[in-house]
Amino acid sequence: RGAVELLSCPTYDAIEDNAPNLLFLHYRKVDKLIHLLSKHHCPSIDHTIWRKNEASNKQSISVKQSKKNNETVVTLNDWLDAKIDLMEFALN
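Here is a short report on the structure shown in this document. Please read these numbers as outputs of a predicted model, since none were measured by experiment.

## Quick notes on helix H4 (residues 76-91)
End to end, H4 covers just 19 Å across 16 residues, shorter than the expected 22 Å (1.5 Å per residue, more than 12% under). Along H4, the sharpest change in direction is near 60° and occurs at Lys83. The element H4 is largely exposed, with a buried count of 0 among its 16 residues.

## Some details on the pairing of strand S2 (residues 70-75)
Pairing of strand S1 (residues 62-67) with S2, which is carried by 6 bridges, proceeds in the antiparallel orientation. Paired with Val63 across the strands is Val74, a residue of S2. As consecutive antiparallel partners, S1 and S2 are separated by 2 residues, and within that stretch Lys68 has a phi angle of approximately 50°, a positive value.

## Points about the pattern of salt bridges
This structure, assessed with the given rule, holds 1 salt bridge. For Lys64, the salt bridge goes to Glu71, with nearest N and O atoms at 3.8 Å. Each of the two residues, Lys64 as well as Glu71, counts as exposed.

What counts, and at which threshold
Residues numbered from 1 in each chain as written. Predicted model: local features only at pLDDT ≥ 70, side-chain atom pairs only at ≥ 80, totals over all residues. Heavy atoms only, no water. Helix = DSSP H or I, 4+ residues; strand = E, 2+ residues; numbered from the N terminus. Expected span 1.5 Å × (residues − 1). Bend = angle between axes of the 7 residues up to and from the residue. Buried < 20%, exposed > 50% of the residue type's maximum accessible area, 1.4 Å probe, protein only. Pairing = 2+ DSSP bridges. Salt bridge = Lys/Arg side-chain N within 4 Å of Asp/Glu carboxyl O.

Put into structure tokens, the structure is as follows:
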């Protein structure tokens, strides 16, 4: 869903018919595009791109499951993967 439905044949036909200033780009190529644009439009600026992973210092969220004398700790993502069908049933 989502992008598959949004970028359908009629959408591409509309883009081709109207010829807007539009660019489709893989997200990994954004740095190259920014560098290229800034090189031509802002030549006096340092073109070094700095990245910082803001999430690198975050602690992972875990779920503790207890059954009698047995405790298990799993990541939230693993727990959600295991419970997704039940949650979908309960929320629908």
